[in-house]
Amino acid sequence: MGSASDMMMSSSSSSLAKMGKATSTDEADNVWSSILSEVRSNASVKLPSGKSIVVLGDNESGKTTLVAKLQGIEDPKKGCGLEYAYVEIRDEYRDDSTQLGVWVLDGNPSHNHLLRFALTEKSFSNNLIMLTVSMASPWSIIDQLQFWAGILHDHIDSLNLSPDTIKEFREKCVRRWLDYVEPGDELDNIVSGKQTSSNNPRNSKNLEEEPILPHNTLTRNTGLDIVVVVTKTDHISTLERENDYVDEHFDFIQFHVRQFCIQYGAALFYTSVKEDKNCDLLYKYLVHRIYGLPFRTPALIVEKDAVFIPAGWDNEKKMAILQENMTNIKPEDFYNEIIAKPVVTRKAVNREVEVEVEDEQSFLERQLTLLQQQAANPKDARLSPNLNISKGSTPGDKRSSLGLPSTLNTTPKKGDSTSSERVLANFFNSLLSKKTGGSPSAPNSLNDASRSDAAAELDSLISKKKLNSLNSSDC
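Residues numbered from 1 in each chain as written. Predicted model: local features only at pLDDT ≥ 70, side-chain atom pairs only at ≥ 80, totals over all residues. Heavy atoms only, no water.

By the naming in an unreviewed UniProt entry, the chain is Dynein light intermediate chain, taken from Orchesella dallaii. Quoted verbatim from the Subcellular location (unreviewed entry) field of the UniProt record, the comment on the chain reads "Cytoplasm, Cytoskeleton". For the record of the chain, the UniProt heading Subunit (unreviewed entry) holds the text "Homodimer. The cytoplasmic dynein 1 complex consists of two catalytic heavy chains (HCs) and a number of non-catalytic subunits presented by intermediate chains (ICs)." (UniProt positions renumbered as here; feature names shortened; annotations may be inferred.)

So this is what it looks like as structure tokens:
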């Protein structure tokens, strides 16, 4: 009996072991089958087409350069009016690709009416808005954000959308903001069976309750997903060097920009194409928001030139950290009183005095008149100290008008010895005339003797010069 019972027990235990193995095998098969079915279902879902980004911002705010960086183009070309481009989107997990359209509106307000081609009633749900401002002109950041947000509001109001449709889009923005979860917390929520958001803690029991937004959040809900991009953050070093900006100034700027983003439910990026900061991160975040692809990067607020704040992360309590760092500046101060546009002082330029050239015909007519006067009374012309010399006349003209030989071209031409002798004679005669005129009380005999001596000396010079010219011609 004992042996029989032992045999029965052993057989039953072996059968139970076989059943346990079969059960575990079935469970493993079920797990793998569920994983495969999930992969198969995800693979069947293709990336949607028709999605696009609408880029708004002032000229020189870096719109074209930023879009070119997202495209992978190194040589951007700026257009005008309303530009269209596209970015290649690749999903390595699904081995799928699509094209993300990009509309870039010119910063000139005269082109604002072209926004109706980029943002329509049909494409409203497929659009993401990107507002760009530049750190190269931080004094204009808030004004530009408010201006383009106003343009966006006015355009949305002009669309033929029913109030129920607008309400539906706005509720989606609220849900996206409240459903934000810090990267890494998703697994904890799955294990605990709770859904904890950064801005609205909710558990599984009160998911259906009316969402409660934090104070001053989404007060200007447009119903569109918005990303604010502060470009050209490489200018921060320039502002520190040339405008004496310190960390308090940049905290003040970031505080007001974040305040704007909370009101509109927008994400915030600080980028620099020149230094390649946050450009790849911006691309990944845009793909995440538009196509739902995974994104695991948390908020980045340590580096002042590479800030990243995802939509749904920020609130006034986190912004209070910036207030603690402001000792000499109050956060509630008027923005343009603290971040004022510098007054450009122009340096004095030493310019040469411009010489106005006299008309050629007037100059020639006046010289003709002077020559005629000299011909009529040559002695008075030589002794007159107040001859009217034009501005454009040369020193040689001035000397000749005084009866002196010109210093510009004193070399006599060949065969023109008589004219050169006449010039020398006139020169010495003018000296003699001035000398005698300067001493009217001198005796006539002395004057006559001086004149005779000078004439004799002049005759000897002329005779020597003639002799030299004859000898040279004989040679």
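### Description of the sheet that holds strand β3 (residues 96-105)
Taking strand neighbours across the sheet as the criterion, the 7 strands line up as β2-β3-β1-β4-β7-β8-β9 in an open arrangement whose pairing is mixed. Edge positions in the sheet fall to β2 (82-91) and β9 (308-309), since each has one partner strand and no second. Looking at chain direction, β2 and β3 are connected through 10 bridges and run antiparallel. Residue pairing across strands places Y84 opposite W103, the latter belonging to β3. (Pairing = 2+ DSSP bridges. Helix = DSSP H or I, 4+ residues; strand = E, 2+ residues; numbered from the N terminus.)

### Section: the pattern of salt bridges
When their charged atoms lie close together, side chains carrying opposite charge are able to pair. Under the criterion given, the structure shown has 10 salt bridges. With a shortest N-O distance of 2.6 Å, D95 and R90 are connected by a salt bridge. Looking at D95, the relative accessible area reads 55%, which means it is exposed. For the salt bridge of D314 with R258, the shortest nitrogen-to-oxygen distance reads 2.8 Å. Linking D314 in the loop between β9 and α10 (316-325) with R258 in helix α8 (residues 247-264), this pair joins segments that are 56 residues apart in sequence. Assigned by exposure class, D314 and R258 land together as buried. One salt-bridge network, in which partners are shared between bridges, spans E240, D247 and K304. (Salt bridge = Lys/Arg side-chain N within 4 Å of Asp/Glu carboxyl O. Buried < 20%, exposed > 50% of the residue type's maximum accessible area, 1.4 Å probe, protein only.)

### A short note on α8
Between the first and last C-alpha of α8 there are 26 Å, a value that for 18 residues agrees with the 26 Å anticipated at 1.5 Å per step. Burial analysis of α8 places 16 of its 18 residues in the buried class, the great majority of the element. Backbone geometry just downstream of α8 places G265 in the positive-phi region, at approximately 65°. (Expected span 1.5 Å × (residues − 1).)

### Points about the packing of aromatic side chains
Under the criterion given, the structure shown has 11 aromatic pairs. Summarising the aromatic geometry, the rings of Y245 and F250 are spaced 5.8 Å apart at their centres and angled 55° between planes, so their arrangement reads as tilted. Per residue, the accessibility class of Y245 equals that of F250, and both read buried. Seen from their ring centres, Y285 and F295 are 5.4 Å apart, and the 75° between their planes marks the pair as edge-to-face. Of the two residues, Y285 is situated in helix α9 (residues 279-291) and F295 in the loop between α9 and β9; the sequence distance between them amounts to 10 residues. Clustering of aromatic rings is evident, with ring pairs tying together F269, Y285, F295 and F308. (Phe/Tyr/Trp six-rings, centres within 6.5 Å; stacked < 30°, edge-to-face > 60°.)

### Thoughts on the confidence of the model for the chain
For the chain, per-residue confidence averages 78 on the pLDDT scale, and 64% of positions sit at 70 or higher. Per-residue pLDDT, averaged within each element of the chain, yields its smallest value for strand β6 (residues 201-202) (48) and its largest for strand β8 (residues 267-270) (98). Below pLDDT 50 for its whole length, residues 201-207 participates in 10 contacts with residues either more than four positions away or in separate chains. Considering only residues more than four positions removed or in separate chains, one finds that residues 438-443, a stretch of pLDDT under 50, has 1 contact. (pLDDT = per-residue confidence, 0-100. Contact = heavy atoms within 4.5 Å.)

### Considerations on the packing of α8 against α10
The interhelical angle for the contact between α8 and α10, taken along N-to-C directions, is 160°, at an axis separation of 9 Å. Accordingly, the angle class assigned to the pair α8 and α10 is roughly antiparallel. The handedness of the crossing between α8 and α10 comes out as left-handed. Here E248, D251, Q254, F255, R258, Q259 and I262 of α8 lie close against α10, whose contacting residues are E316, K318, M319, L322, Q323 and N325. (Axes fitted to C-alpha atoms, helices over the stretch in contact; angles between N-to-C directions. Parallel < 35°, antiparallel > 145°, perpendicular 65-115°, else oblique. Left-handed = near helix turned anticlockwise from the far one by under 90°.)

### Description of the pairing of strand β4 (residues 127-134)
Of all 8 residues in β4, 8 are buried; the element is thus mostly enclosed. Pairing analysis gives 6 bridges linking strand β1 (residues 52-57) to β4, with the strands arranged parallel. Its bridge partner lying in β4, G57 is registered against T132. Bridging between β4 and strand β7 (residues 225-231) involves 7 bridges; their strand directions are parallel.

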